[in-house]
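Working through the structure, step by step
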Amino acid sequence: MPEPSVRFPDGFLWGAATAAYQIEGAVAEDGRGSSIWDTFSHTPGAVLRGDTGDIACDHYHRWREDLDLLRDLGVGAYRFSVAWPRVIPAGTGPVNPAGLDFYDRLVDGLLERGITPMLTLYHWDLPQALQDTGGWANRDTAEHFADYASVVHGRLGDRVPYWLTLNEPYCSAVVGHLEGRHAPGVRDERVAVTAVHHLLLAHGKAVAALRAGGATGQVGITCNLTSVHPASDDPADVAAARRLDLHENRMYLDPLFRAAYPEDAAAHYAPVTDFGFVRDGDLQLIAAPLDFFGVNYYERHHVAADPADPVRGWRRVPPEHPTVTDIGIHPEGLAEILDRVAKEYTPLPLVVTETGLALHDYAGPDGEIADDERIAFFDGHIRAAHDALTRGVPLIGFFPWSFMDNFEWASGYGVRYGIYYVDYPTQRRTPKRSARWYAGVIRANGLE
Ligand SMILES: N#[N+]C[C@@H]1[C@@H](O)[C@H](O)[C@@H](O)[C@@H]2O[C@H]12
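Residues numbered from 1 in each chain as written. Predicted model: local features only at pLDDT ≥ 70, side-chain atom pairs only at ≥ 80, totals over all residues. Heavy atoms only, no water.

Neighbouring the ligand are the residues Gln-22, His-123, Trp-124, Asn-167, Glu-168, Asn-296, Tyr-298, Glu-354, Trp-401, Glu-408, Trp-409 and Tyr-417. A distance of 2.7 Å is found between an oxygen atom of the ligand and a side-chain nitrogen or oxygen belonging to Gln-22. Glu-354 has a polar side-chain atom sitting 2.7 Å from an oxygen atom of the ligand. When the free accessible area of the ligand is taken as 320 Å², the share hidden by the protein chains comes to 88%. Of the residues belonging to the shell around the ligand, the class tally is five nonpolar, four polar and three charged. (Near = heavy atom within 4 Å. Polar contact = N/O pair within 3.5 Å; in protein donor to acceptor, adjacent residues only side chain to side chain. Areas by Shrake-Rupley, 256 points an atom, 1.4 Å probe, with all protein chains shown as cover. Nonpolar A, V, L, I, M, F, W, Y, C, P; charged D, E, K, R; others polar.)

Encoded structure:
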């Protein structure tokens, strides 16, 4: 096999990623409690065509077959999430043994196939019972999350080497509590900013709980970060870009790695909150030392001042060549973000825990699912990741989103991100052209 022109270090972690609510189904089986996404997806008008995660990819029953596909792909690691309501149905209180048993079998199945587990404790499926008492607007939820983290670690900590506390706190807080496009469907900026803090506090408390539990694995968090550029050098556009960078990036990176909210946060959010929810010691807890940091990358924004709200607002300039989810394709943004995190925030090892392209995939007459656009997307983003690596960024892994087509939140089953195609009526999995291509990347440990 010719040496790849873009070669990654030996031991580089090539993975694939999923999340519990998006693939498991079996939402009322074996003692699982309800989550905010069960409630939200069953709310008329909340999700495209009324799609829900009730069945999804039926992974709860098909997990052995899915692990075999991961083995065939040749991945070194698999990023999955644990459904909090499957383990502690009410979010606090009694543990559901059958829920823990499922993840116990899953982890052993991965290890038997030579695949390293990377476990996300929270990928948006908050137990509904906790939402009923305020959810992330209630500081108590952070404590309950730490207790849940201890329970999961107590059962799986001896075999799971990589732990991510949260997936994308921005989306949980802002998309779920300000924009209302995600569960719990709240539209209240004060609640959203409070949720930001309580999610980060939950992260900090969970890190402490994992350490107290003798965590020998590596502990981290995954944030979705965006590359943000002013649409012009007009000072109003430059200021708008800085505000969006605060809102999407620095509101997470600064607390996590500098133990402080950005200096412009108080003024920016002053109309809705005075940050009274921050208590002594919170930020030191949030900035607990980590072992690695996960970066999800999807968007590069061109930002202009919002004429309707020139002081606080921003306007994302639409991309010239939008994807089916109306975002542009900018692999250079991934390198930019990795460089920024490594240079401005932390020397920790970094993992690209998600990047991917939504398409309306289909099988042609020959049965081939020719997702060449997705191959080009991953080729570009892997090259960008390699560029960052050659500049000294301590990148240790790359996890395409997603292993298989799945429930894409408010878009339901209307778009597909998988490198495996899922025919939902039959639940048949079919490798797309990108799956075979990615298997080659893994074998070569790089790109031709
Ligand atoms: N959009 N999109 C696809 C993908 C979503 O399916 C994941 O669950 C999230 O972690 C993140 O938003 C990214």
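Inspection of every chain in the model, using the stated rule, returns 36 aromatic pairs. Judged by centre distance (5.5 Å) and plane angle (65°), the rings of Phe-403 and Tyr-420 are edge-to-face. With a gap of 17 residues between them, Phe-403 in the loop between β10 (395–398) and β11 (420–423) and Tyr-420 in strand β11 connect regions that are remote in the sequence. Exposure class is identical for Phe-403 and Tyr-420. Each is buried. Look at Phe-407 and Tyr-413: their rings are 5.5 Å apart centre to centre, the planes differ by 65°, and that puts the pair in the edge-to-face class. Accessibility classification places Phe-407 together with Tyr-413 in one group, the buried group. An aromatic cluster is present here, built from Tyr-21, Trp-37, Phe-40, Trp-124, Phe-407, Trp-409, Tyr-413 and Tyr-424 joined pairwise through their rings. We note Arg-86 situated over the ring of Phe-102; from NZ or CZ to the ring centre the distance is 6.0 Å. The ring centre of Tyr-345 lies 4.1 Å from the NZ or CZ of Arg-258, which sits over that ring. (Phe/Tyr/Trp six-rings, centres within 6.5 Å; stacked < 30°, edge-to-face > 60°. Helix = DSSP H or I, 4+ residues; strand = E, 2+ residues; numbered from the N terminus. Buried < 20%, exposed > 50% of the residue type's maximum accessible area, 1.4 Å probe, protein only. Lys NZ or Arg CZ within 6 Å of the ring centre and 35° of its normal.)

A separate point is helix α14 (residues 372–390). Since the α-helix turns once every 3.6 residues, residues separated by three or four places project in the same direction. In a regular helix each residue adds 1.5 Å, so 19 residues correspond to 27 Å; α14 covers 27 Å between its end C-alpha atoms and thus fits that length. Those residues of α14 lying buried are Arg-374, Ile-375, Phe-377, Phe-378, Gly-380, His-381, Ile-382, Ala-384, Ala-385, His-386, Ala-388 and Leu-389. A positive phi of about 105° marks Gly-392, the residue just after α14. (Expected span 1.5 Å × (residues − 1).)

Applying the stated criterion to the full structure yields 39 salt bridges. Note that Glu-354 and Arg-79 form a salt bridge whose closest N and O atoms lie 2.9 Å from each other. Of this pair, Glu-354 sits in strand β9 (residues 350–354) while Arg-79 sits in strand β3 (residues 77–81), and the two are 275 residues apart along the sequence. For Glu-354, a relative accessible area of 4% gives the class buried. A salt bridge links Lys-432 to Asp-361; the shortest N-O distance between them is 2.5 Å. Within this pair, whereas Lys-432 is found in the loop between β12 (428–431) and α15 (433–444), its partner Asp-361 is found in the loop between β9 and α14, the two being separated by 71 residues in sequence. For the residue pair Lys-432 and Asp-361, the accessibility class agrees, reading buried in each case. (Salt bridge = Lys/Arg side-chain N within 4 Å of Asp/Glu carboxyl O.)

Membership of the largest hydrophobic core comes to 127 residues, with the highest contact counts inside it found for Trp-37, Tyr-103, Phe-145, Met-251 and Phe-293. Here this core gets 10 residues from one element, more than from any other, and that element is helix α9 (residues 189–212). For Phe-145, the residues in contact, after removing those within four places along its chain, are Trp-84, Leu-121, Tyr-122, Trp-136, Thr-165, Leu-166, Ala-202, His-203 and Ala-206. The next biggest cluster of nonpolar side chains, apart from the first, holds 16 residues, and it includes Ala-77, Leu-164, Val-351 and Trp-401. (Core = buried A, V, L, I, M, F, W, Y, C linked by side-chain atoms within 4.5 Å. Contact = heavy atoms within 4.5 Å.)

Here we come to the side chain of Arg-429. Among the structural elements, Arg-429 can be located in strand β12. Using a relative accessible area of 8% as the deciding quantity, one classes Arg-429 as buried. Among the polar contacts listed, one links the side chain of Arg-429 to the backbone oxygen of Cys-57, at a separation of 2.6 Å. A polar atom in the side chain of Arg-429 sits 2.9 Å from the side chain of Gln-427. Dropping the residues within four chain positions of it, Arg-429 is found in contact with Cys-57, Asp-58, His-59, Arg-62, Glu-65, Asp-66, Leu-69, Met-404, Tyr-420, Tyr-421 and Val-422.

In this section: the side chain of Asn-224. You can see Asn-224 is positioned in strand β6 (residues 218–230). Given a relative accessible area of 12%, Asn-224 falls into the buried group. The contact partners of Asn-224, leaving out residues within four places of it in the chain, are Glu-168, Tyr-170, Cys-171, Glu-248, Asn-249 and Asn-296.

Viewed as axis vectors pointing N to C, helix α10 (residues 235–258) and helix α13 (residues 331–345) meet at an angle of 40°, and their least axial separation amounts to 11 Å. The angle between α10 and α13 places the two elements in the oblique class. The chirality of how α10 crosses α13 is right-handed. Across the interface between the two elements, Asp-245, Asn-249, Arg-250, Leu-253, Asp-254, Phe-257 and Arg-258 from α10 touch Arg-340, Val-341, Glu-344 and Tyr-345 from α13. Broken down by class, the residue content of the contact of α10 with α13 amounts to four nonpolar, one polar and six charged. (Axes fitted to C-alpha atoms, helices over the stretch in contact; angles between N-to-C directions. Parallel < 35°, antiparallel > 145°, perpendicular 65-115°, else oblique. Left-handed = near helix turned anticlockwise from the far one by under 90°.)

Okay, the confidence of the model for the chain next. Residues of the chain with pLDDT of at least 70 account for 100%, and the chain-wide mean is 97. ipTM for the predicted complex: 0.99, alongside a pTM of 0.98. (pLDDT = per-residue confidence, 0-100.)

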